[in-house]
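Geometric and topological summary
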Amino acid sequence: MFKLEPRATPSTWLSLASPVMALAITVIIGVGLFILLDKDPLAGLQMFFVEPLKSPYALSELSIKAVPLILIALGLAACFRANLWNIGAEGQFVMGAVFAGGVAMRATPETGAWILWAVLGAGMIGGMLWAAIVALLRDRFNASEILVSLMLVYVAEMVLSYLVYGPWKDPQGYNFPQTITFLEATRVPKLFQGLRLNAGVFAALAAVLVFVVFLYRTYAGFQLQVGGLAPLAARYAGFSSRKALWTALLISGGMAGLAGALDVAGPQGQLTPYVPMGYGFAAIIVAFVGRLSPVGIVFSAILMSMFYIGGELAQSRLGLPKAITGVFQGLLLFALLACDTFIHQRLRWVASK
Amino acid sequence: MTGISPESLALLIAATLNAGTVVGLAALGLLINERSGVVNLGAEGMMLVAAFAGFAVGVNTGSDWLAFGAGALAGMAMAAVFGVLVIWLNTNQYATGLALTMFGTGLSAFAGIRYTQEKLPERPHFDIPWLSDLPLAGPALFKHHPLVYLTILFAIGMTWFLMRSRAGLVLRAVGESPESAHALGYPVRQIRLLAVVAGGALCGLAGAYISVVYTPLWVEGMVAGKGWIALALTTFATWRPARVLLGAYLFGGVTMLQFQLQGQGVDIPSQWLTMLPYLATIVVLVLISRNPTWIRVNMPASLGKPFHPGA
Amino acid sequence: MTTPLSKRSVLKLAGWASLAATAALVGCGKKDAAADAASAASDAAPVASAAAAPEPLKIAFAYVGPVGDAGWTYAHNEGRLAVEKEFGDKVKTSFIENVPEGPEAERAIRDLVGQGAKLVFGTTFGYMEPMLKVAADHKDVKFEHGTGYKTAENMRTYDSRTYEGAYMAGVIAGTMTKSNTLGVVGSIPIPEVIRNINAFTLGAQSINPKIKTKVVWVNKWFDPPKETEGAQSLLNQGADVLFQNTDSSAVLQTAEKAGKYAFGWDSDMSKFGPKSHLASAVINWGPYYIKATKDALEGTWSTGGVWWGVKEGAIDLVSVSDVVPAETKAKVDTIKAGLKDGSFVIWKGPILGQDGKEVLAKDAVADDKFLGGINFYVKGVEGSVPTGK
């Protein structure tokens, strides 16, 4: 019978091949699904893997989806490495959007371009505050961060709804639930005429660099990771698990909040009840598929965005149901988790006893 | 604000029992899981797939009981996949559970596309003879679908099972210290798998209840977060079945209460009222978790940690 | 856990790049064949290919929900099918469903335009901003936005007077209620919905001045479990006739379970509540969609905004149940006729607000501007409009 035994050292080639294998498995099952649904599998694959990369417009749309995913996933990676399960990034995203929107609405036509920084900063603060609640409750009361952060997602959505239907509603808006459209000065500048690609990309790239440095080159980053991997050893070495808790949650809250701010000051341009886009949850998969490493996250965010856009295109061009995206994303994660097992363990045939 | 009439109160209680059964049943299933040391964040996904399976079978066969059976089987199948991954391949329990949720959400939406317009055959009424004619108490307590009463029985049975039976003791031992149980010769992994699959069956029943009884329709995402609430419930009920059920009814009650308050014209914006159940959950969670010793005493010690026999 | 970072990332890049390259190579070869198959596959009904006839006009529809919702989107799709029936091979229609409101819709709409659509229908309020942006970039395409208010040179709005259906339903409700308490499951507290609640109440009051209306909000257009809970709560509070502004049949089914009455909304929901269904207030988008298509085909399309009701055939109250007494049915028919020829006006004073003060003086007739911004309840509705103020 087959037996799994731990390896002495993790297999390097498998840790590289595993995501590729997982992708391959997902693609194979995908092709099977397409055939089952009576659609041309190659056309289906093309929707997911070629169309989203085909033209500058397509790439710009890809980046709009990938940027928030990268930002949030970077923060989540810090959390997950510290063994803290922040499932509520979506709520932190929404609160970041709310704070950013609040600042943006203060702008007048005379305000200078500096306000954009204030908007983005406010977004980070909003996200951090929301995550701080989770950290506080875990620190003082041991409340599970999984559950608290998740409950706070629903609360955040209701706060947004309240503001947008009530005090922040656009008085010229025929009573529809939306704020005013933010003034030009507060908007994230677009990079090219006619494309939605905006300066958020720079934020994402900068964040990747910052995280590479933080996680792998700073002492604080090191402490964070050891705290997650081997809590007892960390304690023995004097690393404060409380410090790790707050650092990790504040970072991930801030990143999610920044993503929210970039989204409302960018493509959305106002606060509406449609602000929650599901990025906070998708970023969890992105973080895992990217192996919790900054560079990996960039690639997995691009891949995940391709799935999203591909799913939409498959729907509009091939008549495939949109729900297929969710199936693929779940499959990818499953396959990845299964393949990853073999990095640390090896399969061995042992004669039955 | 006008008061609630006794008749209204009776109906509110009935609605609470109904709403609470869904979360309670799922939470009981998750409790078995967690007692064996495995945390399954895939509750939401399992319930969705089960809700779809139950509805589809109900529409095609017209039989309630087959529908519930289908739901339970669907839950068990999803749970089994999860179980094999985390118990034998030792994948990270939290991540695998999340993957299960995402996959289940997508799968149920995908499979259910053609069923959105369907309708189930006429629902039978369930009235306990004589008892249901009692004034006030009748409509409040005795006019429910059998599964509501079954859930209460499950909770009682589970308490007995965990505390009084040998099998329950073994289960708890596996949850507290799988290494010791293994040393004593118990097949830890098989027991965990059994617990996970049993939990999946209950979650599946809960999911089927939603689409067959509670809101006899299929629409994607109809579980709407109840799986997550069920997860929260097991923690803040400190893994005791009776408390789980109480917590479920509390949650169901607050949910129905907020509609009641809206209908009575209470001048609080509806969004604040909608937030109430979630805020209430956080508050109770905090209160329960406050004492670290208490949590450590009550929580199965190996919860979330992978088990390596002979490691 | 430290360095082979660069090596790892290079290998990963190579792996993914090669995968993408392979797919691209394979894809390019089949691309043209796939594109043809795709546009044929996405049509809902086969269109006879005309040998030497002019290019059929490509019309695209964007839906916010699933076609199978038996409600809002279902009704729009029926409108689309009516266009196909009317114009045959002069048009080629397609649709995408489940397009979320907000900026994501922009991509979907751009894709429709990119696929050659020259007339695009956006069927929900939340597509307004995205459509404006796409309209600015594609001046040769005509955009029709449902239930919105912003227009452009190549974008106009259309809406239906759903309050007329609500009023007629109210007339029936006023007759059928025994407890004199009516319940409404509201979706999102925008003027349209508030207006419908008011119209429903006014209709019921015209028969039975004693009624009062209770309202609960689910804060979503479509959420069957919440709609069920809301409906149950209203029933618990004494309502025996339910009305809804949400998109599923959950309210009707809840009333059925409890042995009470309810109405269908957006489309004919009679089959979901054999005993509870009193009537369905349906929206018929066919007439308008046919007119819009005609405008586009004949080159007479111009911007503006229309608001159609019973008069133009856009609203109707159908499948009135047999439990409704004959004289009530007759009254409803009279009202319908009156709306058609303009002799009956719903919003005619005196109409009182909740505080008893007149919001519309005696014999004054409300204009569309007044109706468009309604933010108050009429007397008889309990509670206050959720504005957060």
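Cut-offs used in this document
Residues numbered from 1 in each chain as written. Chains lettered and ligands numbered in written order. Predicted model: local features only at pLDDT ≥ 70, side-chain atom pairs only at ≥ 80, totals over all residues. Helix = DSSP H or I, 4+ residues; strand = E, 2+ residues; numbered from the N terminus. Rg over C-alpha atoms; globule rule 2.2 N^0.38 Å. Buried ≥ 20, exposed ≤ 12 C-beta atoms within 10 Å, placed from the backbone. Contact = placed C-beta atoms within 7 Å. Nonpolar A, V, L, I, M, F, W, Y, C, P; charged D, E, K, R; others polar. Expected span 1.5 Å × (residues − 1). Pairing = 2+ DSSP bridges. Axes fitted to C-alpha atoms, helices over the stretch in contact; angles between N-to-C directions. Left-handed = near helix turned anticlockwise from the far one by under 90°. Core = buried A, V, L, I, M, F, W, Y, C linked by C-beta atoms within 7 Å. Domains from an automatic or database assignment. Parallel < 35°, antiparallel > 145°, perpendicular 65-115°, else oblique. Right-handed = clockwise from strand over helix to strand, strands pointing away.

Along chain A, the regular secondary structure elements total 13 helices and two strands. Its C-alpha atoms give chain A a radius of gyration of 22 Å, within 12% of the compact-globule value 20 Å for 353 residues. Its C-alpha atoms give chain A principal-axis dimensions of about 80 × 60 × 30 Å. When burial is assessed residue by residue, chain A has 61% of its 353 residues classed as buried. Within chain A, residue pairs in contact and separated by at least 24 positions form 78% of the contacts whose partners lie at least 6 positions apart.

This next bit is on the overall build of chain B. Tallying secondary structure elements over chain B gives 13 helices and zero strands in all. Helices and strands in chain B line up, N terminus first, as α-α-α-α-α-α-α-α-α-α-α-α-α. Its C-alpha atoms give chain B principal-axis dimensions of about 65 × 45 × 40 Å. For chain B, restricting intrachain contacts to residue pairs at least 6 apart in sequence, the fraction spanning at least 24 positions comes to 79%.

Looking now at the environment of Leu194(B). Here Leu194(B) shows up in helix 9 (residues 188-214). Each C-alpha atom of the pair Leu194(B) and Gly83(B) lies 8.8 Å from the other, and the pair is 111 residues apart in sequence.

On to the interface of chain A and chain B, then. Each partner contributes to the interface: chain A provides 36 residues, whereas chain B provides 40 residues. Broken down by secondary-structure element, the contributors of at least two residues to the side of chain A that touches chain B are strand 1 (2-6), helix 5 (115-141), helix 6 (145-165), helix 11 (279-289) and helix 13 (324-344) of chain A. It is helix 13 of chain A that contributes the most residues to the side of chain A that touches chain B, twelve residues altogether. Taken together, the residues that form the side of chain A that touches chain B break down as 26 nonpolar, ten polar and no charged.

What follows deals with helix 3 (residues 64-88) of chain B. Taking 1.5 Å of rise per residue, the 25 residues of helix 3 of chain B would be expected to cover 36 Å, and the 35 Å separating its terminal C-alpha atoms lies within 8% of that figure. Once helix 3 of chain B finishes, Asn90(B) follows within two positions and takes phi at roughly 55 degrees, a positive value.

Bringing helix 6 (residues 191-207) of chain C into the picture now. Between its first and last C-alpha atoms helix 6 of chain C spans 25 Å; for 17 residues at 1.5 Å apiece the expected length is 24 Å, and the two agree. Of all 17 residues making up helix 6 of chain C, 14 are buried, and the element is well covered by its neighbours.

Backbone hydrogen bonds are what pair the strands of a sheet, in a parallel or an antiparallel way. Residues and elements named next belong to chain C. The strand order across the open sheet built from six strands is 2-1-3-4-5-11, with neighbouring strands paired in parallel fashion. At either margin of the open sheet sits one strand with a lone partner, and together these are strand 2 (91-96) and strand 11 (305-308). Neighbour to neighbour, the strand axes of the sheet diverge by 20 degrees on average, direction disregarded. In terms of strand pairing, strand 4 (residues 142-146) meets strand 5 (residues 155-160) through four bridges, oriented parallel.

Residue and element names in this part refer to chain A. For the pair helix 1 (residues 12-36) and helix 13, the least separation of the axes is 8 Å and the interaxial angle reads 145 degrees. Crossing hand, helix 1 versus helix 13: right-handed. Taken together, the residues of helix 13 that come into contact with helix 1 (itself represented by Leu14, Ser15, Ser18, Pro19, Met21, Ala22, Leu23, Ile25, Thr26, Ile29 and Gly30) are Phe328, Leu331, Leu332, Ala335, Leu336, Cys339, Asp340, Phe342 and Ile343. For the contact of helix 1 with helix 13, the residue count by class is 15 nonpolar, four polar and one charged.

Counting 339 residues, the largest nonpolar core has Ile72(A), Ala73(A) and Ala26(B) as its most contacted members. In terms of domain composition, this core takes at least three residues from each of domain 1 (57-160 + 286-311) and domain 2 (162-283 + 347-372) of chain C. Those residues in contact with Ala73(A) that sit more than four places away from it in its chain are Ala283(A), Val286(A), Ala287(A), Gly290(A), Ile297(A) and Ala301(A).

Take the sheet that holds strand 8 (residues 241-244) of chain C next. Residues and elements named next belong to chain C. Pairing in this open sheet of six strands is mixed, and the strands run 7-6-8-9-10-12 from one edge to the other. Looking at strand neighbours, the two that pair on one side only are strand 7 (212-217) and strand 12 (315-318), the edges of this open sheet. If you compare each strand with its neighbour and ignore which way they point, the axes differ by 20 degrees on average. When strand 10 (residues 277-283) meets strand 12, the two strands line up antiparallel, connected through four bridges. Of the residues in strand 12, the one forming a bridge with Ala281 is Leu317. Here helix 6 sits on the sheet and contacts strand 6 (181-186), strand 7 and strand 8; the angle it forms with strand 6, its principal contact strand, is near 165 degrees.

What follows covers the packing of helix 5 (residues 162-176) of chain C against helix 10 (residues 326-341) of chain C. Residues and elements named next belong to chain C. Their axes nearest at 10 Å, the elements helix 5 and helix 10 cross at an angle of 160 degrees. The angle between helix 5 and helix 10 places the two elements in the roughly antiparallel class. Crossing angle aside, the handedness with which helix 5 passes helix 10 is right-handed. Contacts between helix 5 and helix 10 pair Glu164, Met168, Val171, Ile172 and Thr175 from the former with Thr328, Lys331, Val332, Ile335 and Leu339 from the latter. Across the contact of helix 5 with helix 10, the residue classes break down as six nonpolar, two polar and two charged.

If you check the backbone angles, Asn90(B) has positive phi at about 55 degrees while not being a glycine. Mapped onto the elements, Asn90(B) comes out in the loop between helix 3 and helix 4 (93-111). Within the chain, Thr147(C) stands out as a residue other than glycine whose phi angle is a positive 60 degrees. Mapped onto the elements of the fold, Thr147(C) is located in the loop between strand 4 and strand 5.

All names here are of chain C. Along strand 9 (residues 261-266), six of the six residues are buried, which leaves the element largely enclosed by surrounding structure. Sheet topology note: the strand 8/strand 9 ladder contains two bridges and is parallel. If you follow Leu242 over to strand 9, its bridge partner there is Ala262. Regarding topology, helix 8 (residues 250-258) serves as the crossover connection from strand 8 to the parallel strand 9, and that connection is right-handed. Sheet analysis places strand 9 next to strand 10, joined by four bridges and oriented parallel.

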